[in-house]
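Examining the three-dimensional arrangement
Each chain, letter by letter, is given below.
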Amino acid sequence: IMLLTKKMIEIRAILSRVQESEALQLPSIVVIGSQSSGKSSVLEAIVGHEFLPKGSNMVTRRPIELTLINTPDSASEYGEFPALNMGKITDFSMIQRTLTELNLAVPEKECISDDPIQLHIYSPNVPDLNLTDLPGYIQVSSHDQPIALKTKIQKLCEKYIQPPNIILAISAADVDLANSSALRASRRVDPQGERTIGVITKMDLVDPIRGYNVLNNKEYPLSMGYVGVITRAPSGGLFRRSSRVGELVSANESAFFSQAPEYNGCEVGTNLLKEKLMYTLEKTLAKSLIPTFDAVQQELEEATYMFKVEYNDRSLTPSTYLASSLDAFKQAFKDFSKSFDRDEVKNLLRCELDQRVLDLLAQRYWNKPIVELQNMTVGDFAQDVPLSKLSTASNDDPHWQRKLDASTSTLTKLGIGRLSTNLVINSLVSDMERLTSNTSFAGHPFAYQTIHDAASSLLNMRYYSTAEQVENCIKPFKYEIDMDDREWAHARDHSYVLLKEELRQCEQALSSLKSNIGSRKLSQVMTFVDKTREQRMNGNSVVTPAEGTEAYGFSAALLQKGREGLFLKDRTEVLKMRMAAIKSRQCKNKDNKYNCPEIFLNVVADKMTQTAVLFLNVELLNDFYHNFPRELDMRFGQNLTKDQIDKFAKEDPKIKRHIELQERKELLDEALHKIKDVIALQGARERGELGQ
Ligand code: GDP
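Given the structure is predicted, the values throughout are model-derived calculations rather than measurements. (Residues numbered from 1 in each chain as written. Predicted model: local features only at pLDDT ≥ 70, side-chain atom pairs only at ≥ 80, totals over all residues. Heavy atoms only, no water.)

With respect to the overall build of the protein
This is how it is decided: Starting at the N terminus, helices and strands are each numbered in turn, a helix being any DSSP run of H or I of at least four residues and a strand any DSSP run of E of at least two. Partly exposed residues are those whose accessible area sits between 20% and 50% of the maximum for their type, while under 20% is buried and over 50% is exposed, using a 1.4 Å probe and protein chains only. We call two residues in contact when some of their heavy atoms are within 4.5 Å. Note on areas: these come from Shrake-Rupley sampling with a 1.4 Å probe, and a residue is covered only by the protein chains present in the view.
Along the backbone of the protein there are 22 helices and ten strands. Buried residues in the protein amount to 48% of all 692 residues. Taking as baseline every contact in the protein between residues at least 6 positions apart, the subset at least 24 positions apart corresponds to 82%. For the protein, the computed accessible surface area is about 35,200 Å², with 51% contributed by carbon and sulfur atoms.

Structure follows, in structure tokens:
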């Protein structure tokens, strides 16, 4: 007979995993009663253990969906919270503590939460049953039990006592049944008393005649009747606790009832209650088989149709999704590794060094106007050789020799090892991010992080050794630069292009300054700044306006623009002059390097780049291209649990919908098959093909 409930427990578990499955819920036994009616004691008597939260202030704040699973072949008794991942709990006081914590976790303001706690208990001593324990009705609101709590409890119970659920209405024998909150609530939703089982607790507190009258009350007759129980031993009385901690003794209960002849023919005792519950649940479940089958079938048809229409029946699970995303990324990476080769690294590094060369030149050669603008003293300025002299200076002028040697040394000692290694690492890491955003990993913060971490950790592992190798190899350039005519000619063309671009940028900046403040105004303020500059160079003191004030009608901000404009104008002139110099006959010859610092520094930068790239390629790139895909396999493969993969896939809302619809379809399908089996079994039993 118990086969059905057992099977239905399985089906219930499947259906509870179906998203939005409110309509698919199987009937359950819901337990209501006012506080202190003995509700907890009844549930504990059925389970055979103390496991519910206790304490005068302990109001149950969440429904507990209690699934009892009879395990006839195993002596061990344990509980499981399917949602909590705590494993098997054999210590029932641990279950009690966990339930207390879950209760206390409901915020004070919310009072009561609708979200049920699921608890499964496996034992050879429990019947197969589903019971939902609801918060006890509270009688009087006191300070620490606000009115809101009372109404919330009522509302929650109201939701659960709807058909087809069976109501287990608990009332204490020593309280007038007319005042029983449980019976009043059940009468409202089940006026004919067809799906309510009355439980009268504390039968030991009333004499047998009153007890008899309570159990046979005609006030609210129930077709399933009233069961009288004694579930808690009054201290020092006839009843005693079992020596095994927490286990309750029911033997004395039957002794009590058998003493009084009044209870002959009455339904009394916890064992009888258990059987009645099993029988009633089984009958109710049997009745719900066909309607549930129809409902599941309808949901399944709906889900199947949607799956076809929206996803063309394309199967998708979290792990296949992860695998295909990873494959796609690795393919993209392979294509990338072909495009990001030695030449790319060279370009990257060359651009960086070109900038360094330009900065050096600006700082050491083209610096007159900048230095002046930074209020260089007149004396310093006079000592310096004017730039215009550079092209005509003789090649062994020590001033220009020192200048170029110092510049070269700055360039070769700038720490190209670390600079270039950093440059390539940063570029690769950001390229990996860009690649990620072009694949289906794009919607996944987790994937971004994992790819980023994998790339940085692999690359950073090679950082020091690569930087050192590169630095060692360019070491000779710190002492001597050998070059041939071809290299010179090449560098000459290249520096001309660089200067031309620099000139373009200067001119562009100047023209945007013009359009910003008007070309007349700009030229006025530039003239003014120029004049004060000359005065200062001649040793006259000039009054510069403080920040925010005005001088000669120009605000400080405008003066700043004027300085900027003048700087750009000067710089443009210098650049034009140097471009002419580079083109000149003199700079065609590499022996005139002191007169053509732009070209020579270019030669140096080129040599450094060539050498650095060689080692970056071997030490960093090849290693990365080889190991990165393996690292990804490890981080996305072996290292992830099923839950993590699931969470990953569902990060993307589109994928989440797809996967969930598929899961829903599969779960419904599984449930439907099981229900079909149960119906067939039921049919066979009714036709007498199977023994009871
Ligand atoms: P709940 O608040 O409805 O869960 O009620 P409890 O199960 O906590 O019981 C309330 C009080 O009634 C406790 O002090 C129990 O010891 C006591 N109690 C429960 N069942 C019985 C019983 O059968 N007989 C007697 N005398 N007391 C009981």
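Here's the deal with the sheet that holds strand β7 (residues 196–201)
The cut-off we apply is this: Any two strands between which DSSP finds at least two bridges are classified as paired. To get an axis, fit a line to the C-alpha atoms, keeping to the stretch in contact for a helix; angles then go from 0 to 180 degrees between the N-to-C directions.
If you trace the eight strands from one edge of the open sheet to the other, you get β3-β4-β2-β5-β1-β6-β7-β8, paired in mixed fashion. The sheet is open, and its two edges are formed by β3 (78–80) and β8 (226–228), each paired on a single side. Sheet twist, expressed as the mean angle between neighbouring strand axes with direction ignored, is 25 degrees. Where β3 lies against strand β4 (residues 117–123), three bridges are found, and the strand directions are antiparallel. Among the inter-strand pairings, Gly 79 is bridged to a residue of β4, identified as Ile 121.

Quick notes on the pattern of salt bridges
We apply this condition: Definition used for salt bridges: Asp or Glu carboxyl oxygen within 4 Å of a side-chain nitrogen of Lys or Arg.
Counted under the stated rule, the structure contains 27 salt bridges. For Glu 158, the salt bridge is made with Arg 188, and the minimal N-O distance between the two is 3.6 Å. Taken together, the positions of Glu 158 in helix α4 (residues 147–160) and Arg 188 in helix α5 (residues 181–189) put the pair 30 residues apart, joining distant regions of the chain. What makes Glu 158 partly exposed here is its relative accessible area of 27%.

Some remarks on the site of the ligand
Defined as follows: Near, as used in this document, describes a residue that has one of its heavy atoms within 4 Å of the molecule or strand being considered. Here a polar contact is taken to be a pair of N or O atoms separated by no more than 3.5 Å, where protein atoms must pair a possible hydrogen donor with a possible acceptor and residues adjacent in sequence count only if both atoms sit in side chains. By the convention adopted, Pro, Cys, Tyr, Trp, Phe, Met, Ile, Leu, Val and Ala count as nonpolar, Lys, Arg, Asp and Glu as charged, and the other residues, Gly among them, as polar.
For the ligand, the set of nearby residues contains 14 residues, the closest of which are Ser 36, Lys 39, Ser 40, Ser 41 and Asp 204. The separation between an oxygen atom of the ligand and a polar main-chain atom of Ser 37 is 3.1 Å. Between the ligand and Lys 202, the relevant distance is 3.2 Å, taken from an oxygen atom to a side-chain nitrogen or oxygen of the residue. The protein chains hide 74% of the 570 Å² of surface that the ligand would expose on its own. Class assignment of the residues belonging to the shell around the ligand gives a composition of two nonpolar, eight polar and four charged.

Regarding the packing of helix α1 (residues 3–17) against helix α22 (residues 653–686)
This is how it is decided: Angles are sorted into four bins: roughly parallel if under 35 degrees, roughly antiparallel if over 145, roughly perpendicular if 65 to 115, and oblique for all others. Here is the rule for handedness: rotate from the far helix to the near one, and if that takes an anticlockwise turn smaller than a right angle the crossing is left-handed, while a clockwise turn gives right-handed.
Where α1 contacts α22, the two axes come as close as 9 Å, and the packing angle between them is 165 degrees. Of the possible angle classes, the one that applies to α1 and α22 is roughly antiparallel. By crossing handedness, the relation of α1 to α22 is classed as left-handed. Contact with α1, carried on its side by Leu 3, Leu 4, Lys 7, Met 8, Glu 10, Ile 11, Ile 14, Leu 15 and Arg 17, involves Leu 667, Glu 670, Ala 671, Lys 674, Ile 675, Val 678, Leu 681, Gln 682 and Arg 685 of α22 and no other residues of that element. Here the contact of α1 with α22 is composed, by residue class, of eleven nonpolar, one polar and six charged.

Examining the state of the cysteines
Rules: For the purposes of this analysis, a disulfide is any pair of cysteine sulfur atoms at a distance within 2.5 Å.
Inspection of every chain in the model, using the stated rule, returns one disulfide. Sulfur-sulfur distance for the disulfide between Cys 587 and Cys 596 comes to 2.1 Å. Between Cys 587 and Cys 596 the disulfide shows an S-S torsion of about -105 degrees. By sign, it is left-handed. The pair formed by Cys 587 and Cys 596 is uniform in burial state, with each residue classed as buried.

Quick look at helix α8 (residues 270–311)
Keep this limit in mind: One fewer than the residue count of a helix, multiplied by 1.5 Å, yields its expected span. Bend, at a single residue, is the angle you get between axes fitted to the 7 residues ending at that residue and the 7 residues starting at it.
Taking 1.5 Å per residue, 42 residues should reach 62 Å; α8 reaches only 54 Å between its end C-alpha atoms and comes up short. Within α8, the axis deviates most sharply at Leu 289, by approximately 45 degrees, and proline Pro 291 lies no more than four positions further along. Immediately beyond the C-terminal end of α8, within one or two residues, lies Asn 312, with a positive phi of roughly 55 degrees.

Topic: the pairing of strand β2 (residues 64–70)
With six of seven residues buried, β2 lies mostly within the body of the structure. Pairing of β2 with strand β5 (residues 129–133), which is carried by five bridges, proceeds in the antiparallel orientation. Its bridge partner lying in β5, Leu 66 is registered against Leu 131.

Concerning the confidence of the model for the protein
Low-pLDDT portions of the prediction should not be read for the details of their coordinates. What counts, and what does not: Across the chain, each position has a pLDDT score giving the predictor's confidence in that residue, from 0 to 100.
Mean pLDDT over the protein: 86, with 88% of residues reaching 70 or higher. Counting contacts from residues 234–249, a segment whose pLDDT is below 50, to residues more than four positions away or on other chains yields 26 contacts. Contacts for the low-pLDDT stretch residues 369–383, under 50 throughout, to residues beyond four places or in other chains number 18 contacts. Two summary scores accompany this predicted model of the complex, namely pTM at 0.64 and ipTM at 0.98.

Side note on a positive patch on the surface
For the record, the criterion: Residues form patches when they are more than 30% accessible in relative terms and have no salt bridge. Like charges link within 9 Å. Nonpolar side chains (Val, Leu, Ile, Met, Phe, Trp, Tyr) link within 5 Å. Positive charges are assigned to Lys and Arg, negative charges to Asp and Glu, while His and the chain termini are left out of the count. Think of each charge as sitting on NZ of Lys, CZ of Arg, CG of Asp or CD of Glu.
On the surface, a cluster of positive charge is contributed by Lys 500, Lys 583, Arg 585 and Lys 588. By the secondary structure assignment, Lys 500 is in helix α17 (residues 485–517).

Points about the nonpolar core
Stated formally: Grouping buried Ala, Val, Leu, Ile, Met, Phe, Trp, Tyr and Cys residues that are joined through side-chain atoms within 4.5 Å yields what is termed a nonpolar core.
The biggest cluster of nonpolar side chains holds 90 residues, and the ones touching the most others in it are Trp 366, Leu 428, Met 432, Phe 441, Phe 624, Phe 628 and Phe 636. Broken down by element, this core gets its largest block of residues, 17 residues, from helix α20 (residues 597–638). With sequence-adjacent residues up to four places away left out, Met 432 is seen in contact with Phe 329, Phe 333, Phe 336, Ile 451, Ala 455, Phe 624 and Phe 628.

Some remarks on the packing of helix α10 (residues 342–364) against helix α14 (residues 416–437)
In the contact formed by α10 and α14, the axes pass within 10 Å of each other and the chain directions differ by 125 degrees. Taken together, the axis directions place α10 and α14 in an arrangement best described as oblique. Viewed along their axes, α10 and α14 form a crossing whose handedness is right-handed. Contact residues: Val 345, Leu 348, Leu 349, Glu 352, Leu 353 and Arg 356 in α10; Ile 416, Leu 419, Ser 420, Leu 423, Val 424 and Ser 427 in α14. Residue classes in the contact of α10 with α14 are distributed as eight nonpolar, two polar and two charged.

What to know about the side chain of Thr 280
Of note, Thr 280 is situated in helix α8. Within the local environment of Thr 280, its side chain forms a polar contact with the backbone oxygen of Lys 276, the two atoms lying 2.5 Å apart. Discounting residues that sit within four places of it in the chain, Thr 280 has contacts with Ile 166, Ile 197 and Met 224.

Considerations on the pairing of β4
Each regular strand displays side chains that alternate between the two surfaces of the sheet. By the criterion of burial, β4 is predominantly enclosed, with six of the seven residues buried. Looking at chain direction, β2 and β4 are connected through seven bridges and run parallel. Paired with Ile 69 across the bridge in β4 is Tyr 122.

What to know about the packing of aromatic side chains
The geometry of an aromatic ring pair comes down to the distance between the two centres and the angle between the two planes. To keep it simple, the criterion reads: For Phe, Tyr and Trp, where Trp contributes only its six-membered ring, two rings pair if their centres lie within 6.5 Å, and the inter-plane angle classes them as stacked under 30 degrees, edge-to-face over 60, or tilted in between.
Enumeration according to the criterion identifies 20 aromatic pairs in this entry. Considering the side-chain rings of Phe 333 and Phe 624, the 5.7 Å spacing of their centres and the 85 degrees angle between planes classify their relative orientation as edge-to-face. In this pair, Phe 333 is assigned in helix α9 (residues 318–339) and Phe 624 in helix α20, connecting sequence segments 291 residues apart. The burial state of Phe 333 is the same as that of Phe 624; both residues are buried.

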